[in-house]
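# Residue-level structural notes
The residues making up each chain are set out below.
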Protein chains: 2
Amino acid sequence: MFVLGIDPGLTTTGYGVVGRFPALKPVAAGVIRTRVEDTIAMRLRDLYDSLLSLIQEHQPEVMAIEQVFTNVNRQTAIAVGRAAGVAILAAAQSGIAVFEYTPTAVKSAVTGDGAAGKQAVQTMVARRLNLKAAPQPADAADALAVAICHLQSLQIPAGVLR
Amino acid sequence: MFVLGIDPGLTTTGYGVVGRFPALKPVAAGVIRTRVEDTIAMRLRDLYDSLLSLIQEHQPEVMAIEQVFTNVNRQTAIAVGRAAGVAILAAAQSGIAVFEYTPTAVKSAVTGDGAAGKQAVQTMVARRLNLKAAPQPADAADALAVAICHLQSLQIPAGVLR
């Protein structure tokens, strides 16, 4: 069971692939960046192409995506919404299910505290995946956290994204 | 010169194709609906497929898309952002440029009044396109308004969506 965690963004989208054997194992983590000097259309296309490549390479069964933050400004929410739309589309076209988790659910799943800080999440991601340190940059670690959240929530009822 | 106007939404996306010869001429107008009982992933995929078909059928040179409304709630903004992301992606992959206009710019271009009501916009869309009445439903007429806005703004400097 492989899960592709996604922390969506127009400029930087974090991704992290985690497997369960049954211990959690990190398979890949990193970020997809798009060029700020390109048009939105080109950037969304580049993000989409990169995500399709990732899915093809790692063949995850599920995409777990972090929900747009509630505390960002409107312009950022729109940009993240567009990036998330393209990510969800890439999953749909690859035939993999999409689950969405709020930042609070992710923090709670990884650290046991829904109000945990960035640093606490990173420390726990490293510990849960048996790594010396959390992968850099932070968006990659955040994406791993979403994947961990999904693998953990398989034990409790969860609904597909509607 | 054909322009595909888009009024994006997850449940209902309005579209309208307008040509200029040099008089404005409506070529097609309607709505793409997705099923509320489907997952978000399926709905975004259906929207994307329908948009690609529309672009293939009408071969517009440009997509003109209405910006997410500023006065909707956060959940709606996210849903519209996702739909817009998928629409912009469809344009990018078809090699057509994307321009974005605020609701105020669209109303102003079509009626001369940036604060015009829905009914005034519809009446003016019908008049500008030499139609007896504005196409139904309203989202189709709104999409035609965005296309008209773009064709009109070609006379003034406009930037591609960044």
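To start, this report covers the structure provided alongside it. (Residues numbered from 1 in each chain as written. Chains lettered and ligands numbered in written order. Predicted model: local features only at pLDDT ≥ 70, side-chain atom pairs only at ≥ 80, totals over all residues. Heavy atoms only, no water.)

## Some remarks on the sheet that holds strand 3 (residues 24-33) of chain A
All names here are of chain A.
- The strand order across the open sheet built from 5 strands is 3-2-1-4-5, with neighbouring strands paired in mixed fashion. Two strands lie at the open edges of the sheet, namely strand 3 and strand 5 (97-101), each paired on one side alone. Strand-to-strand twist across the sheet, computed as the mean angle between neighbouring axes with direction ignored, equals 20°.
- Alignment of strand 2 (residues 12-20) against strand 3, held across 9 bridges, turns out to be antiparallel. If you follow Gly 16 over to strand 3, its bridge partner there is Ala 29.
- Contacts from helix 1 (residues 40-58) reach strand 1 (2-7), strand 2, strand 3 and strand 4 (62-66) within the one sheet, and its direction differs from that of strand 3 by about 160°. (Pairing = 2+ DSSP bridges. Helix = DSSP H or I, 4+ residues; strand = E, 2+ residues; numbered from the N terminus. Axes fitted to C-alpha atoms, helices over the stretch in contact; angles between N-to-C directions. Contact = heavy atoms within 4.5 Å.)

## What to know about helix 2 (residues 74-93) of chain A
- Under the 1.5 Å per step criterion, the end-to-end length of helix 2 of chain A is 28 Å for 20 residues, consistent within 8% with the ideal 28 Å.
- The positive-phi residue at the C-terminal boundary of helix 2 of chain A is Gly 95 of chain A, with phi of around 75°. (Expected span 1.5 Å × (residues − 1).)

## Some points on the packing of helix 3 (residues 103-111) of chain A against helix 5 (residues 138-153) of chain A
Residues and elements named next belong to chain A.
- Running from N to C, helix 3 and helix 5 point in directions that differ by 75°, and their axes come no closer than 9 Å. By the angle between their axes, helix 3 is roughly perpendicular relative to helix 5. Across the interface between the two elements, Ala 105, Val 106, Ala 109 and Val 110 of helix 3 pack against Ala 145, Val 146, Ile 148, Cys 149 and Gln 152 of helix 5. (Parallel < 35°, antiparallel > 145°, perpendicular 65-115°, else oblique.)

## Let's talk about the interface of chain A and chain B
- Taken together, the 28 residues of chain A in the interface contact 28 residues of chain B.
- With both sides pooled, the region where chain A packs onto chain B buries about 2400 Å², and carbon together with sulfur makes up 65% of that total.
- Here chain A and chain B share 2 salt bridges between them.
- The shortest N-O distance in the salt bridge between Arg 82 of chain B and Glu 100 of chain A comes to 2.4 Å.
- Elements that contribute at least two residues to the side of chain A that touches chain B include exactly helix 1, helix 2 and strand 5 of chain A.
- With 11 residues, the top contributor of residues to the side of chain A that touches chain B is helix 2 of chain A.
- Partitioning the side of chain A that touches chain B into residue classes produces 15 nonpolar, 5 polar and 8 charged. (Buried area = accessible area lost by both parts, 1.4 Å probe. Salt bridge = Lys/Arg side-chain N within 4 Å of Asp/Glu carboxyl O. Nonpolar A, V, L, I, M, F, W, Y, C, P; charged D, E, K, R; others polar.)

## What to know about the sheet that holds strand 3 (residues 24-33) of chain B
All names here are of chain B.
- If you trace the 5 strands from one edge of the open sheet to the other, you get 3-2-1-4-5, paired in mixed fashion. One side of each edge strand has no neighbouring strand; the edge strands of this open sheet are strand 3 and strand 5 (97-101). Going across the sheet, the axis of each strand differs from the next one's by a mean of 20°, ignoring polarity.
- Strands in contact with helix 1 (residues 40-58) are strand 1 (2-7), strand 2 (12-20), strand 3 and strand 4 (62-66); relative to strand 3, the strand with the most contacts, it is inclined by about 160°.
- Strands strand 4 and strand 5 of the sheet are contacted by helix 2 (residues 74-93), whose axis makes an angle of about 170° with strand 4.

## Let's talk about the packing of aromatic side chains
- This structure, assessed with the given rule, holds 3 aromatic pairs over all chains.
- Relative to Tyr 48 of chain B, the ring of Tyr 48 of chain A lies with its centre 6.3 Å away and its plane at 40°, an arrangement referred to as tilted. On the criterion of chain membership, the pair formed by Tyr 48 of chain A in helix 1 and Tyr 48 of chain B in helix 1 is interchain, its members lying in two chains. Across the pair, Tyr 48 of chain B and Tyr 48 of chain A agree in class, each one buried. (Phe/Tyr/Trp six-rings, centres within 6.5 Å; stacked < 30°, edge-to-face > 60°. Buried < 20%, exposed > 50% of the residue type's maximum accessible area, 1.4 Å probe, protein only.)

## Regarding the relation of the copies chain A and chain B
- After a rotation of 180° and a shift along the axis of 0.0 Å, chain A superposes on chain B with an RMSD of 0.0 Å. Given the turn and translation reported, the copies of this chain are related as if by a two-fold rotation axis.
- A symmetric contact is evident, with 100% of the interface residues of chain A recurring at the interface of chain B. (Least-squares fit on C-alpha atoms with pLDDT ≥ 70 in both.)

## Digging into the pattern of salt bridges
All names here are of chain A.
- Using the criterion set out here, one finds 8 salt bridges over all chains in the structure.
- Across the pair Asp 38 and Arg 35 runs a salt bridge whose closest N-O atoms are separated by 2.9 Å.
- Note on Asp 38: relative accessible area 10%, which makes it buried.

## Observations concerning the pairing of strand 2 of chain A
Residue and element names in this part refer to chain A.
- Within strand 2, 8 of the 9 residues are buried, which leaves it mostly tucked inside the rest of the structure.
- For strand 1 and strand 2, the ladder comprises 6 bridges, and the chain directions are antiparallel. When the sheet's bridge partners are listed, Gly 5 is paired in strand 2 with Gly 16.
- Here strand 2 folds back onto strand 3 in antiparallel fashion, the turn holding 3 residues.

## So, the side chain of Asp 7 of chain A
All names here are of chain A.
- One can find Asp 7 in strand 1.
- Although buried, Asp 7 forms no salt bridge, and the nearest oppositely charged side chain, Lys 118, lies 5.3 Å from it.
- Each residue touching Asp 7, except ones within four places of it in the same chain, is listed here: Thr 12, Thr 13, Gly 14, Glu 66, Asp 139, Asp 142 and Ala 143. (Lys, Arg positive; Asp, Glu negative; His and termini not counted.)

## Description of the packing of helix 3 of chain A against helix 4 (residues 118-128) of chain A
Residue and element names in this part refer to chain A.
- Direction vectors running N to C along helix 3 and helix 4 enclose 50°, while the axes themselves pass 9 Å from each other. If you check the angle between helix 3 and helix 4, you find them oblique. Between helix 3 and helix 4 lies a crossing whose hand is left-handed. Every residue of helix 4 that contacts helix 3 at Lys 107, Ala 109, Val 110 and Thr 111 is listed here: Ala 120, Val 121, Met 124, Val 125 and Arg 128. (Left-handed = near helix turned anticlockwise from the far one by under 90°.)

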